[in-house]
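Notes for the structure review
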Amino acid sequence: MKIAVLGAGIVGVTAAWQLLKDGHEVTVIDRLPGPAEFTSFANAGLVAPGHAFAWASPAAPRMMLRSLISGDQAIRFRPRLSLRQWVWVAQFLGQCTDERARLNTAVKAPFCRYSQKVLNEVVDETGVNYAGQKGGLLYFYRTPEVFEAADKKCQILRDAGMSIEVLDADQTVAKDLGLAAAAGQIAGAVYTPDDESGDANFFTIALAKKCAEAGANFRYGEEILDLRERDGLISAIITDKGDLVADAFVLSLGVYSPHLVERLGIRLPIYPVKGYSATLPVTDAAKMPRLGGVDEENLLAYCPMDERLRLTATAEISGYSNGHRPGDFRVMLKRARALFDGAADFENPTMWAGLRPMTPTGMPIIDRSPYPNLWLNTGHGHMGWTMSNGSARILADLIAQRQPAISRAGMEYHG
Ligand SMILES: Cc1cc2nc3c(=O)[nH]c(=O)nc-3n(C[C@H](O)[C@H](O)[C@H](O)COP(=O)(O)OP(=O)(O)OC[C@H]3O[C@@H](n4cnc5c(N)ncnc54)[C@H](O)[C@@H]3O)c2cc1C
């Protein structure tokens, strides 16, 4: 079949790979000059089934409310005159009950594990290089009470069959000597030995190259403007360079997915949740963290990526701007420096901001749309690196009318 994949972020490119493996003729279109140049550009790099907790939790509404007066909340709400934003916020708040948070995490955790397995298969079959690092991730806590609560919260992941180790402060530092200088700040950590990390941008670029070698056609610098409909099917996409006719179409436009299909009556509950990232050159490898992880009470993610230290923070519900100013990174850099002083050049960060394509539940939508040859593979939120490869496999299975290897609970399109 001739399939057009709309979007060359990590979700579109991994889909292209799985579709090529199934023998399809694949074209990928993106308006940017290359793959992974938008949200998949500089994320935290954590492949983290052990962090599959839903962001919509009973604590989230309080954080959003407080964020209206204080800038230090993990989830920040910046109200706009936008119906799209308010509808999404209402849907998100609807998921913030104990029961919904538990259910959303319970479906997300096994899906993340499955996706990591597919990632590893793709790495084995392609040999792509992406600063990948196995050996687990550390999620550490600063106060004993919060640490204790975190241990309890992990039961849901244990129930999903994940290995979780609970470490005291000394054991945490023994697990990652890069945290030695920060020992006094740590009450304990949750260690997930099966989690891993790597540069999603490197991975996507390398995989796009493999896709091209396998026959995929990449059309960059081409803006998708609309979809042409005929007899209940999509017959072509309309771009600023002309039409592209195909048998099937896969929608993977990140935060812009809802915009393209709205006119067709397809409503996708996806809204941007902005995050900031800083990448620093390593100056002293001995002081670097050996493993990626999260300073949980500051919601600061860190990840060693070969000669670089990647830091990310913040979840801001503020609209579609991915602009940033140096001031947006001040707190993040200060907190990271207090952990890893001397490890990297904190005076020369490369700054970036990205828009997570977030659904209220945190699960992506992987389904056939009401137009039978238009497929949805979008809305991967804060875990698109972790969930992309598994999503791609499930999508390819659905298109081939094969039963996916895991349950699709939570991924359905509700029109
Ligand atoms: C700060 C931060 C930290 C993160 N950390 C992690 C992490 O540690 N682990 C993890 O698993 N995930 C993480 N994520 C999430 C992950 O990065 C995203 O879920 C993922 O990148 C989304 O990929 P995507 O392909 O859906 O979207 P994108 O990468 O945005 O791709 C969509 C593509 O569509 C193109 N496009 C859009 N509209 C059009 C149009 N009209 N015409 C043509 N092209 C168009 C865009 O140019 C873009 O290239 C993080 C995200 C952020 C922002």
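Above this text is the structure in question.
About the thresholds
- Along each chain, residue indices are assigned from 1 in the same order as the chain's sequence is written.
- Predicted model: local features are reported for residues with pLDDT of at least 70 only, side-chain atom pairs are reported and counted for 80 or more only, and whole-chain, interface and lining totals are derived from all residues.
- Think of it this way: any DSSP run of H or I at least four residues long counts as a helix, any run of E at least two long counts as a strand, and we number them from the N terminus.
- Computation of the radius of gyration draws on C-alpha atoms alone. For the globule rule, the value is 2.2 Å times the number of residues to the power 0.38.
- Every C-beta atom is placed from the backbone, and the number of other C-beta atoms within 10 Å of a residue's own sets its class: buried at 20 or more, exposed at 12 or fewer, partly exposed in between.
- Contacts here follow a simple rule: the backbone-placed C-beta atoms of the two residues must lie within 7 Å.
- Strands are treated as partners if at least two bridges between them are detected by DSSP.
- Note on geometry: axes are lines fitted to C-alpha atoms, helical ones only across the stretch in contact, with angles between N-to-C directions running from 0 to 180 degrees.
- When the near helix sits turned anticlockwise from the far one by under a right angle, the crossing is termed left-handed; a clockwise turn instead gives a right-handed crossing.
- Each residue is assigned to one class: nonpolar for Ala, Val, Leu, Ile, Met, Phe, Trp, Tyr, Cys and Pro, charged for Asp, Glu, Lys and Arg, and polar for all the others, Gly among them.
- By construction, the arc corresponds to the directions joining the helix axis to the C-beta atoms.
- What makes a residue near a molecule or strand is its C-beta atom, placed from the backbone, lying within 6 Å of it.
- Nonpolar cores are built from buried Ala, Val, Leu, Ile, Met, Phe, Trp, Tyr and Cys residues. These are joined into a set through C-beta atoms within 7 Å.

Structural notes on the overall build of the chain
A count of helical and extended segments in the chain gives 11 helices and 20 strands. Taking 415 residues into account, the globule formula puts the C-alpha radius of gyration at 22 Å, and the chain, at 21 Å, falls close to it. If one aligns the C-alpha atoms of the chain with their principal axes, the spans along those axes are about 65 × 45 × 40 Å. For the chain, the residues scored as buried account for 50% of the 415 residues in total. Residue pairs in contact within the chain that sit at least 24 positions apart in sequence constitute 77% of those at least 6 positions apart.

Looking at the pairing of strand 17 (residues 308-317)
Of all the 10 residues making up strand 17, 9 are buried; the element is thus mostly covered by neighbouring parts of the structure. Here strand 4 (residues 75-77) runs beside strand 17; their pairing, made up of 3 bridges, is parallel. Bridge pairing in strand 17 places F77 opposite I317. Strand direction decides the pairing type here: strand 14 (residues 271-281) and strand 17, joined by 7 bridges, are antiparallel. What sits directly across from K274, in strand 17, is E316. For strand 16 (residues 300-305) and strand 17, the ladder comprises 6 bridges, and the chain directions are antiparallel. Counted as the bridge partner of M305 is R308 from strand 17. Between strand 16 and strand 17, which pair antiparallel and follow one another directly, the connecting turn spans 2 residues, one of which, D306, has a positive phi of 50°.

Quick word on the packing of helix 1 (residues 10-21) against helix 8 (residues 200-213)
Running from N to C, helix 1 and helix 8 point in directions that differ by 35°, and their axes come no closer than 9 Å. As for how helix 1 packs across helix 8, the hand of that crossing is left-handed. Where helix 1 approaches helix 8, its residues I10, V13, T14, A16, W17 and L20 are matched on the opposing element by A200, T204, L207, A208, K210 and C211. For the contact of helix 1 with helix 8, the residue count by class is 9 nonpolar, 2 polar and 1 charged.

A short note on the sheet that holds strand 12 (residues 242-245)
A sheet is described by the order of its strands in space; here 3 strands give the open sequence 10-11-12, paired in antiparallel fashion. Two strands lie at the open edges of the sheet, namely strand 10 (224-230) and strand 12, each paired on one side alone. Put simply, the sheet's adjacent strands are angled 30° from each other on average, direction ignored. Pairing analysis gives 6 bridges linking strand 10 to strand 11 (residues 233-239), with the strands arranged antiparallel. Directly across from R228, in strand 11, lies its bridge partner A236.

Considering the pairing of strand 12
Judged from the 4 bridges that link them, strand 11 and strand 12 form a sheet pairing that is antiparallel. Bridging across to strand 12, A236 finds its partner in V245. Taking the residues between adjacent antiparallel strands as the criterion, strand 11 and strand 12 are bridged by 2 residues.

Concerning unusual backbone geometry
Although it is not a glycine, D231 adopts a positive phi angle of roughly 55°. Structurally, D231 is set in the loop between strand 10 and strand 11. You can call D231 exposed: it has 5 C-beta atoms within 10 Å. In this model, T314 sits at a positive phi of 85°, which is unusual for a non-glycine residue.

Observations concerning helix 10 (residues 330-340)
Among all positions of helix 10, only M332, A336, L339 and F340 are buried. Projected down its long axis, helix 10 carries its buried residues within an arc of 70°, all on one side. Of the residues in helix 10, the exposed ones pointing more than 90 degrees away from the buried face are R330 and K334. Contact partners of the buried residues in helix 10: strand 14, strand 15 (293-295), strand 16 and strand 17.

Remarks on the site of the ligand
The ligand sits among 40 residues. The nearest are G9, A44, G254, G275 and G384. Secondary-structure elements contributing two or more residues to the shell around the ligand are helix 1, strand 14, strand 18 (350-358) and helix 11 (384-399).

Digging into the sheet that holds strand 9 (residues 217-219)
With respect to topology, 6 strands assemble into an open sheet ordered 9-2-1-13-20-19, the strand pairing being mixed. Edge positions in the open sheet fall to strand 9 and strand 19 (365-368), since each of these has one partner strand only. Taking each pair of neighbouring strands and ignoring which way they run, the sheet shows an average axis angle of 15°. Where strand 1 (residues 2-6) and strand 13 (residues 248-251) come together, 4 bridges link them in parallel fashion.

Comments concerning the nonpolar core
Within the largest apolar cluster, 126 residues are counted, with the highest numbers of intra-cluster contacts made by L6, A16 and F249. In terms of residues, this core owes the most to one element, helix 4 (residues 98-126), which gives 9 residues. Beyond its immediate chain neighbours, meaning those up to four positions away, F249 contacts A4, L6, I234, I237, N373, L374 and W375.

Section: the packing of helix 1 against helix 11
Packed helix pairs are specified by the crossing angle of their axes together with the interaxial distance, meaning the distance between the axes. Two elements in contact, helix 1 and helix 11, have axes whose closest approach is 8 Å; the angle formed by their N-to-C orientations is 35°. Note that helix 1 runs across helix 11; the crossing there is right-handed. In this structure, helix 1 contributes I10, V11, T14, A15, W17, Q18 and L19 to the contact, and helix 11 contributes G384, W385, S388, N389, S391, A392, R393, L395 and A396. Among the residues forming the contact of helix 1 with helix 11, the class breakdown is 9 nonpolar, 6 polar and 1 charged.

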